[in-house]
Amino acid sequence: MALRLRDRVPIERLFEAEPGKEYVIAGWVDTVRVHGKLVFVVVRDRSGKIQVVAKKNVSEEAWKTARELTPESVVAVRGVLVESKAALGGREIQAREIVLLNKADPLPIDIHDHTKTVLAKRLDWRFLDLRNPRNQAIFLIEAEMARAAREWFNSNGFVEIFTSKIVGAATEGGAEVFSIVYFDKPAFLAQSPQLYKQLGVIAGFERVYEIGPAFRAEPHHTTRHLTEYTSVDLEMGFIDSYEDVMDAVEGVVRSMVEAAVSRYRRKIEEFFPDAVTKLPQRFPRITMREAYKLLEQAGVKVEWGEDLSSEAERKLGEIVEKEYGSPIVFVTEYPWNARPFYTMRKPDDPEWTLSFDLLFRGLEIATGGQREHRYEVLRKQIEEKGLNPRSFEWYLNMFRYGAPPHGGAGIGLERVVMQTLGLPNIREARLLPRDPERLVP
RNA sequence: GCCGCGGUAGUAUAGCCUGGCCCAGUAUGCGGGCCUGUCAAGCCCGUGACCCGGGUUCAAAUCCCGGCCGCGGCGCCA
């Protein structure tokens, strides 16, 4: 009887299956241990691992094939499931037939321990690096977080939109955009869906969200920046204040973390001992001015009216953890000079804005606020930021024909994953990271 | 963009400061051998490297210069 892959059973099921029967499994060779007349082969598929034993006196064919196996080769095995005290998990497959589907060359990186090969080299061989269950888990968790975010949005009245990533003008002015050639015209890769989200609200969808790529042409050499990342963006109309936006961000972020933890608790405990598995019922909210004070009390130098340095953010994270017992905190009312033109300012104190950042373990994971929806004010703010209102004409027009008060936020998906799991480098949270040097694979 | 650190076998590292004892050590991998209960198997044998170019010197992995590449910090940001 020929072995058919359609009869294949996921390996994890074998630990509940009836012993004494024959099963077909297939996957990658995790390890091979050759012992003269018997060979142990640990086979791994995405569900788990099991030991296969090939004995010369049971099937010489299978034994011969087993001797030739190399790590990461792809095999299919037909054999009898047996209880075995000596085997991992108490069970193993006694091979009757082993088919080598694809033989692997000697590996260029060590995939059994993610710390044994430097990250750069792992990324060069990303498809192999991801064979490591820990590294694979990061993306299962990321997928779960994205799914949870979508679910939260969908059940809270948000409509998913898909905005253009090829744009004719930079979103916020600045030089941090990638230039591309669009036929015979200059164009850019979108650094944020900001203006289009607002379009969605003003167009009458009222609440919109998008989970998609954002591009930043900033030559960062850090462990927390990518030139291409996934932005979880939301925008909502008819808000009373930016507090409503923070409530939404809090809801999304909490559901992302909770979903990941509840679905992958075991993997998280096994692979990410430093992970945050619980967020407070309500995220603390402090104003920027309070943050300056807290930092000053802790002996950190801050410039009033300026954005926080990354060192100050880290420090603030520690202080909040100590004072409020929370790994996460909203910092609100950022100074106007640290915010883009579309931000709404405090009516009674225009040096400050109705905006916020969300710091998770001392790192900014989200930014948001209420947007300015009054045409004349917005026009002035564009000028005040040194931008030309004429290049924002299509955008400004939206505010002349009925724009409700609104606000929104952008959440960095990879940063949420990184901070939740306690990863040392954001590149680990991106399947194929792009940084100033890396463009391949 | 600015600043700092680094580039040694497939992988990870020692050696570099204080040049010669290094035709480069160790671990792992890889090839071969022994082994019917291992589990990152063990033991034995073998294999394999100083980023590129120039300079200093009797002598360069080691010191100097240039290039390329990598990593990190900062600014800025998600």
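Residues numbered from 1 in each chain as written. Chains lettered and ligands numbered in written order. Predicted model: local features only at pLDDT ≥ 70, side-chain atom pairs only at ≥ 80, totals over all residues. Heavy atoms only, no water.

1. Concerning the domain arrangement of chain A
One can read the domain layout of chain A as domain 1 (5-102) and domain 2 (124-429). Spacing between the C-alpha centres of domain 1 and domain 2 amounts to 47 Å. (Domains from an automatic or database assignment.)

2. So, the packing of aromatic side chains
Counted by the stated rule, this structure contains 17 aromatic pairs. With centroids separated by 5.9 Å and ring planes inclined at 40 degrees, the aromatic side chains of Trp152 and Phe158 adopt a geometry described as tilted. By relative accessible area, which is 4% here, Phe158 ends up buried. Ring pairs connect the aromatic residues Tyr196, Phe341, Tyr342, Phe392, Trp394, Tyr395 and Phe399, which therefore count as one cluster. Above the ring of Trp352, the side-chain terminus of Arg289 is found at 4.6 Å from the ring centroid. (Phe/Tyr/Trp six-rings, centres within 6.5 Å; stacked < 30°, edge-to-face > 60°. Buried < 20%, exposed > 50% of the residue type's maximum accessible area, 1.4 Å probe, protein only. Lys NZ or Arg CZ within 6 Å of the ring centre and 35° of its normal.)

3. Considerations on a nonpolar patch on the surface
Judged by side-chain polarity, Ile166, Tyr182 and Phe183 come together as a nonpolar surface patch covering roughly 350 Å² of accessible area. By the element assignment, Ile166 lies in strand 7 (residues 166-167). Residue classification places Ile166 among the partly exposed residues on the basis of a relative accessible area of 44%. (Patch = residues over 30% accessible without salt bridge, like charges linked within 9 Å, V, L, I, M, F, W, Y side chains within 5 Å. Areas by Shrake-Rupley, 256 points an atom, 1.4 Å probe, with all protein chains shown as cover. Salt bridge = Lys/Arg side-chain N within 4 Å of Asp/Glu carboxyl O. Helix = DSSP H or I, 4+ residues; strand = E, 2+ residues; numbered from the N terminus.)

4. Here we look at the nonpolar core
Formed by 57 residues in total, the largest nonpolar core has its most connected members in Leu234 and Val249. Of all the elements, helix 6 (residues 242-271) adds the most residues to this core, at 13 residues. Excluding its chain neighbours within four sequence positions, the residues that come into contact with Leu234 are Phe153, Phe158, Lys197, Val208, Tyr209, Ala248, Val249, Gly408, Ala409 and Ile411. Grouped together as the second largest cluster of nonpolar side chains are 23 residues, Val9, Ile25, Val41 and Val43 included. (Core = buried A, V, L, I, M, F, W, Y, C linked by side-chain atoms within 4.5 Å. Contact = heavy atoms within 4.5 Å.)

5. Re the packing of helix 6 against helix 11 (residues 413-421)
Packing of helix 6 against helix 11 brings their axes to within 12 Å, and their N-to-C directions diverge by 50 degrees. The pairing of helix 6 with helix 11 is recorded here as oblique in orientation. The interaxial crossing formed by helix 6 with helix 11 has right-handed handedness. Along its contact with helix 6, which presents Met256, Val257 and Ile268, the element helix 11 presents Leu413, Val416, Thr420 and Leu421. Partitioned by chemical class, the residues of the contact of helix 6 with helix 11 number six nonpolar, one polar and no charged. (Axes fitted to C-alpha atoms, helices over the stretch in contact; angles between N-to-C directions. Parallel < 35°, antiparallel > 145°, perpendicular 65-115°, else oblique. Left-handed = near helix turned anticlockwise from the far one by under 90°. Nonpolar A, V, L, I, M, F, W, Y, C, P; charged D, E, K, R; others polar.)

6. Concerning the environment of Val99
Here Val99 is to be found in strand 5 (residues 91-102). Setting aside its immediate chain neighbours within four residues, Val99 contacts Leu3, Val74, Val75 and Ala76.

7. What to know about helix 4 (residues 133-154)
Taking 1.5 Å as the rise per residue, helix 4 with 22 residues should run 32 Å; its terminal C-alpha atoms sit 31 Å apart, in good agreement. Measuring from the backbone nitrogen of Arg134 back to the side-chain oxygen at the start of helix 4 gives 2.8 Å, which picks out Asn132 as the cap. (Expected span 1.5 Å × (residues − 1). Polar contact = N/O pair within 3.5 Å; in protein donor to acceptor, adjacent residues only side chain to side chain.)

8. Observations concerning the sheet that holds strand 13 (residues 328-332)
The mixed open sheet is built from eight strands, whose spatial order is 6-10-11-18-17-16-13-12. Pairing within the sheet leaves two strands with one partner each, and these edge strands are strand 6 (159-160) and strand 12 (285-287). Alignment of strand 11 (residues 228-237) against strand 18 (residues 406-412), held across seven bridges, turns out to be antiparallel. By the bridge assignment, Ser231 is partnered in strand 18 with Gly412. Where helix 5 (residues 194-205) meets the sheet, its contacts fall on strand 6, strand 10 (207-215), strand 11, strand 17 (363-371) and strand 18, and the angle it forms with strand 11 comes to roughly 30 degrees. In this fold helix 7 (residues 288-297) packs onto strand 12 and strand 13, with an angle of close to 85 degrees to the strand it touches most, strand 12. (Pairing = 2+ DSSP bridges.)

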